[in-house]
Amino acid sequence: MTLVATLDTSFDLLEGETLLEGLERTGHELEYQCRSGYCGSCRTRLISGEVRYISEPLAFISRNEVLPCCCVPVDTVHLDVARSYVPEQPALSEELEPQSSLDFNKS
């Protein structure tokens with residue numbers, strides 16, 4: 001397993017997982033379309049580290065960019081991507097009374 005650090009968290013990439021799959025699994029927001037390196041939609045800035053491409057991407061990428069859909073880290077990588085906003089669920093108050101039933105047949 002390889003460590004992947006993002007703007008707000010870090011996680012271990014699982015065996016056989018691409019960067020995109022690991023980012024999705026851990027709740028990161030990332031655009032993508034092809035998952036094969038053709039379109040470039042998932043282009044992400046690589047802050048540090050090195051990746052290896054499973055297949056050579058056809059989309060243009062700059063020196064400091066990666067296509068997470070078709071690469072895996074060689075060592076620890078740091079990516080310029082953030083997790084999606086997930087609102088916290090409010091805690092249930094003890095003051096709430098549970099509804100005993102919903103009888104829609106009453107007139």
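Our subject in this report is the structure included herewith. Chains are numbered independently. Their residues run from 1 in the order of the written sequence. Given that the model is predicted, a residue must reach a pLDDT of at least 70 before its local features are reported, and side-chain atom pairs must reach 80 or more before they are shown or counted; all residues, however, enter totals for whole chains, interfaces and linings. Each side-chain value is derived from all of the structure's non-hydrogen atoms; neither hydrogens nor water enter the calculation.

### A look at the side chain of T26
The criterion, for reference: Secondary structure counts use DSSP, requiring at least four H or I residues in a row for a helix and at least two E residues in a row for a strand, with both numbered from the N terminus. Any N or O atom pair separated by 3.5 Å or less is treated as a polar contact, with the protein-specific requirement of one donor-capable and one acceptor-capable atom, and with residues adjacent in sequence counted only for side-chain atom pairs.
Its location among the elements puts T26 in the loop between α1 (19–25) and β3 (44–48). Among the polar contacts made by the side chain of T26, one reaches the main-chain carbonyl oxygen of G22 at a distance of 2.9 Å.

### Here we look at the packing of aromatic side chains
Put simply, the test is: Paired rings are identified among Phe, Tyr and Trp, the last through its six-membered ring, by centres lying within 6.5 Å, and are further divided according to the angle between planes into stacked (under 30 degrees), edge-to-face (over 60) and tilted (the rest). A positively charged side chain is recorded as over a ring if its NZ (Lys) or CZ (Arg) lies within 6 Å of the ring centre. The angle to the ring normal must also be within 35 degrees.
Enumeration over the complete set of coordinates arrives at zero aromatic pairs. It is R35 that lies over the ring of Y32; its NZ or CZ is 4.4 Å from the centre.

### Quick notes on the state of the cysteines
Our working rule: Disulfide assignment relies on a single distance test, namely cysteine sulfur atoms paired within 2.5 Å.
Scanning the model with the defined rule gives zero disulfides in all. C42 provides the cysteine sulfur closest to C69, a residue in no disulfide bond, and the two sulfurs are 3.7 Å apart.

### Examining the pairing of strand β1 (residues 2–5)
Selection rule: By the convention used here, strands pair only if DSSP detects at least 2 bridges between them.
As judged from the four bridges shared by β1 and strand β2 (residues 10–13), these two strands associate in the antiparallel manner. Counterpart to T2 in the pairing with β2 is L13. Between β1 and the antiparallel strand that follows it, β2, lie four residues. In terms of strand pairing, β1 meets strand β7 (residues 77–79) through two bridges, oriented parallel. By the bridge assignment for β7, V4 is matched with V77.

### Thoughts on unusual backbone geometry
Where the residue is not glycine, phi is negative for most of them; where a peptide bond is considered, it is trans in most cases. The criterion, for reference: Exposed residues in this analysis have more than 50% of their type's maximum accessible area, buried residues have under 20%, and partly exposed residues fall in between, with area computed by a 1.4 Å probe over protein chains only.
At R35, a residue that is not glycine, the phi angle is positive and equals roughly 65 degrees. Its relative accessible area of 34% is what places R35 among the partly exposed residues.

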